[in-house]
Amino acid sequence: MDMNVFAPRHMDIGSGASSRIVAMLARLGVTRPLIVTDPIMVSLGLIDRIIEPLDQAGIGYHVFSETVPEPVDTIIETGIRFAAGLDIDGIIAFGGGSPIDTAKAINILRGAGQGVPIRDFKVPYVADHAALPLIAIPTTAGTGSEATRFTVITDTATDEKMLIAGLGALPVAAIVDFELSMSVPPRTTADTGIDAFTHALEAFVSRRANLVSDGYARIALRLIGPHLRTVYREPDNRAAREAMMLGATMAGLAFSNASVALVHGMSRPIGAHFHVPHGMSNAMLLPAVTRYSLNAALPRYAEAARLAGFAPESDADQLAGARLLEQLDSINHDLGVPNPHAFGIGRDSWDERLPVMAAQALASGSPANNPRVPDTAAILDIYAQIHR
Ligand code: NAD
C-alpha cells in the first residue's frame with residue numbers, strides 16, 4: 001500500500017471559476033503575477049476572463065503571450081529573457097497544455113539561475129524546484145497539465161520531445177472552468193479529448209498504478225467515455241464540455257500519480273519529428289498499442305471499457321476487451337483522426353526516422369510502465385503498422 005501522491009494544493013472547479021482568480025491569488029499570497037499564454041487567447045479575448053478581475057482589483061501583472069503550440073526550448077529561453085527583470089511573485093499559466101507547459105518550464109529555469117538549458121532537467125533528472133507559485137488555468141479539455149508534475153518541451157537541437165518531471169512542474173493551484181473550453185475548434189476538441197482518454201486508460205493499466213491513481217482514472221473514464229463523441233459533434237453542449245473538462249483534470253491527476261505508458265512514449269517522437277499535435281499522435285497509436293497490450297492486463301482493459309460505457313457490465317473480460325478495441329477504432333473514425341500517411345508523412349521519411357524515434361521512445365521511460373513491456377523490435381513494428 002506504500003505510495004506517493006501528488007496533486008495541486010487547491011483546485012477551484014466549476015462554471016465561471018476563472019472569475020475567482022483574485023481570491024485564488026489572495027489565498028496564495030501572490031500580488032504581482034506573470035501571465036503566460038498564447039496569442040490566440042489574447043485575440044479571442046479569452047484572457048479577459050482573468051484580466052478584468054485583476055484590473056478591477058487593482059492587481060498589476062505582466063503578460064507573456066508568445067508561446068507556441070507544442071513548446072520548444074527556444075520559446076522557453078525567450079520567456080526567461082522576458083521575465084528576467086520583472087518583479088513578479090507568481091505565475092498564471094492560461095491556455096491549453098502548450099502555454100501551461102511553457103509556464104512550468106520558465107518557472108523551473110527561473111529557479112535554476114542563469115544560462116542553464118532546459119534539457120538539463122529532462123528525465124531521469126528529478127525537477128523538484130521552481131521559482132514561484134504557479135496557478136494553471138486550462139482552456140482545453142485535454143492535457144491535464146494543470147494537475148500534473150510534468151512538462152514536455154522539444155529540444156530543437158535533437159528534435160526530442162523531452163519529458164521533465166518533478167514537483168517543480170506541479171502547479172500549486174488550478175482553476176478548472178469548462179466555460180473557457182466552449183470555443184475550442186472541432187479538430188482540437190477531438191485531439192485533446194482523445195489525449196485525456198489516453199491519460200486515463202494508460203494510468204489505469206500502468207504498472208505504476210496505485211489505489212489513488214485508480215480512483216482518479218475511474219472517475220476520468222466515466223466522465224470522458226460517454227462524452228468524447230458528443231463534444232466533437234455538439235461543440236455547444238455544455239454538459240459534455242463540463243464532463244470533458246473535469247475528466248481531463250481527473251485523468252491528469254491519474255497519470256501524474258501512475259505515469260503514462262507506451263502510447264505516450266511512442267507519441268512524443270511522432271510529435272517532435274513530424275509536428276503532429278500531441279493528442280492526435282496519441283490517437284494514431286492508441287488502437288494499435290492497446291491491441292498489443294490487451295492480454296497483458298485484460299481485466300484492467302475490460303474494466304476500463306465498462307467504465308467508459310463501451311461495454312455493458314455483463315460482458316466477460318474477453319468480450320469487453322474486444323469491444324474496447326472496436327470502440328478505439330471507431331472513435332478514431334468518427335473523430336476524423338488521420339493515420340500518419342493521411343496526415344501527409346511520406347513512407348520514406350517515416351521509415352528513415354524510425355530507429356531514432358524508437359530509441360527516444362524507450363529512453364523516455366514510459367514504455368517500461370506498459371502492461372506488456374516492448375523491446376525495440378516491438379516498437380518498430382507498431383510504428384510500421386500505423387503508417388498504412
Ligand atoms: P495547445 O495548448 O497546443 O492548443 C492547441 C490550439 O488550440 C492552439 O492553437 C490554442 O491557441 C488553441 N486553443 C486552446 N484553447 C482554446 C480555446 N478555448 N478556444 C479556442 N482555441 C483554443 O493544445 P493542448 O493539446 O492543450 O496542449 C498540447 C501540449 O501539452 C503539447 O505540447 C503536449 O506535449 C503537452 N502535454 C503536457 C502534459 C503535461 O502533463 N504537462 C500532458 C499532455 C500533453
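Just so it is clear, the structure is predicted and the values come from calculations on it, not from any experiment.

Conventions used here
Residues numbered from 1 in each chain as written. Predicted model: local features only at pLDDT ≥ 70, side-chain atom pairs only at ≥ 80, totals over all residues. Heavy atoms only, no water. Helix = DSSP H or I, 4+ residues; strand = E, 2+ residues; numbered from the N terminus. Rg over C-alpha atoms; globule rule 2.2 N^0.38 Å. Buried < 20%, exposed > 50% of the residue type's maximum accessible area, 1.4 Å probe, protein only. Contact = heavy atoms within 4.5 Å. Pairing = 2+ DSSP bridges. Core = buried A, V, L, I, M, F, W, Y, C linked by side-chain atoms within 4.5 Å. Salt bridge = Lys/Arg side-chain N within 4 Å of Asp/Glu carboxyl O. Axes fitted to C-alpha atoms, helices over the stretch in contact; angles between N-to-C directions. Near = heavy atom within 4 Å. Polar contact = N/O pair within 3.5 Å; in protein donor to acceptor, adjacent residues only side chain to side chain. Areas by Shrake-Rupley, 256 points an atom, 1.4 Å probe, with all protein chains shown as cover. Nonpolar A, V, L, I, M, F, W, Y, C, P; charged D, E, K, R; others polar. Parallel < 35°, antiparallel > 145°, perpendicular 65-115°, else oblique. Left-handed = near helix turned anticlockwise from the far one by under 90°.

Next up on the list: the overall build of the protein chain. For the protein chain, the count of helices and strands is 16 helices and eight strands. On C-alpha atoms alone, the protein chain measures out to a radius of gyration of 20 Å, which is about the 21 Å that the 2.2 N^0.38 rule sets for 388 residues. Within the protein chain, the fraction of its 388 residues that count as buried is 59%. Partitioning the contacts of the protein chain with sequence separation of at least 6, the portion at a separation of at least 24 is 78%.

What follows concerns unusual backbone geometry. Omega for the bond connecting valine 123 with proline 124 falls within 30 degrees of zero, at 15°, which places this linkage in the cis form. For proline 124, the position within the fold is in the loop between α5 (97-112) and β5 (134-138). In the Ramachandran plot, serine 259 falls in the positive-phi region, its phi being about 75° despite a non-glycine side chain. Its place among the elements puts serine 259 in the loop between α9 (238-258) and α10 (262-274).

Most of strand β4 (residues 90-95) is tucked away, with six of its six residues classed as buried. Burial along β4 is two-sided: the face carrying Gly90, Ile92 and Phe94 and the face carrying Ile91, Ala93 and Gly95 are both buried. Here five bridges tie β4 to β5, and the two strands are oriented parallel to one another. For glycine 95, the partnering residue across the bridge sits in β5 and is proline 138.

Bringing the nonpolar core into the picture now. Core analysis: the largest hydrophobic core is formed by 80 residues, its most contacted members being Phe197, Met266, Trp350 and Tyr383. A total of ten residues in this core trace back to one element, the largest contributor, which is α9. Setting aside residues no more than four positions away along its own chain, methionine 266 makes contact with Leu285, Val289, Ala361, Ile379, Ile382 and Tyr383. The next biggest cluster of nonpolar side chains, apart from the first, holds 25 residues, and it includes Ala83, Leu86, Ile91 and Ala169.

Now for the pattern of salt bridges. If you walk through the whole model with that rule in mind, you get 17 salt bridges. Residues aspartate 89 and arginine 32 are paired through a salt bridge, measuring 3.6 Å at the closest nitrogen-oxygen approach. Of the two residues, aspartate 89 sits in the loop between α4 (73-84) and β4 while arginine 32 sits in the loop between α1 (21-28) and β2 (33-36), which places them 57 residues apart along the sequence. Residue classification places aspartate 89 among the buried residues on the basis of a relative accessible area of 17%. In this structure, the salt-bridge partner of aspartate 317 is arginine 306, at a minimum N-O distance of 2.7 Å. Of this pair, aspartate 317 sits in helix α13 (residues 317-334) while arginine 306 sits in helix α12 (residues 298-307), placing them eleven residues apart in sequence.

This brings us to the sheet that holds β2. By definition, the strands of a sheet pair up through backbone hydrogen bonds, in either a parallel or an antiparallel sense. A sheet is described by the order of its strands in space; here six strands give the open sequence β1-β8-β5-β4-β2-β3, paired in parallel fashion. With partners counted over all chains shown, the strands left at the sheet margins are β1 (10-13) and β3 (62-64), one partner each. Across the sheet, the mean angle separating the axes of adjacent strands is 15° when strand polarity is ignored. Where β2 meets β4, four bridges bridge the pair, whose relative direction is parallel. Counted as the bridge partner of leucine 34 is isoleucine 91 from β4.

Take the site of the ligand next. Residues in contact with the ligand amount to 33 residues; listed here are only the nearest, Asp38, Ser98, Thr140, Thr148 and Leu180. Leucine 180 has a polar backbone atom sitting 2.7 Å from a nitrogen atom of the ligand. Isolated, the ligand exposes 870 Å² of accessible area, and the fraction of that covered by the protein chains is 93%. For the shell around the ligand, the secondary-structure elements that each account for two or more residues are α2 (39-43), α5, β6 (150-155) and α6 (186-205). Top contributing element to the shell around the ligand by residue count: α5, with five residues. Tallied by class, the residues present in the shell around the ligand amount to 13 nonpolar, 14 polar and six charged.

Here we take up the packing of α6 against helix α11 (residues 278-293). When two helices pack together, their arrangement is given by the angle between their axes and by how far apart the axes lie. The N-to-C vectors of α6 and α11 enclose an angle of 45°; their axes lie 8 Å apart at closest approach. Comparing the axis directions of α6 and α11 gives the class oblique. In terms of crossing hand, the pair formed by α6 and α11 is left-handed. For the pair formed by α6 and α11, the contact residues are Arg187, Asp191, Ile194, Asp195, Phe197, Thr198, His199 and Leu201 on the first element and His278, Gly279, Met280, Asn282, Ala283, Leu286 and Thr290 on the second.

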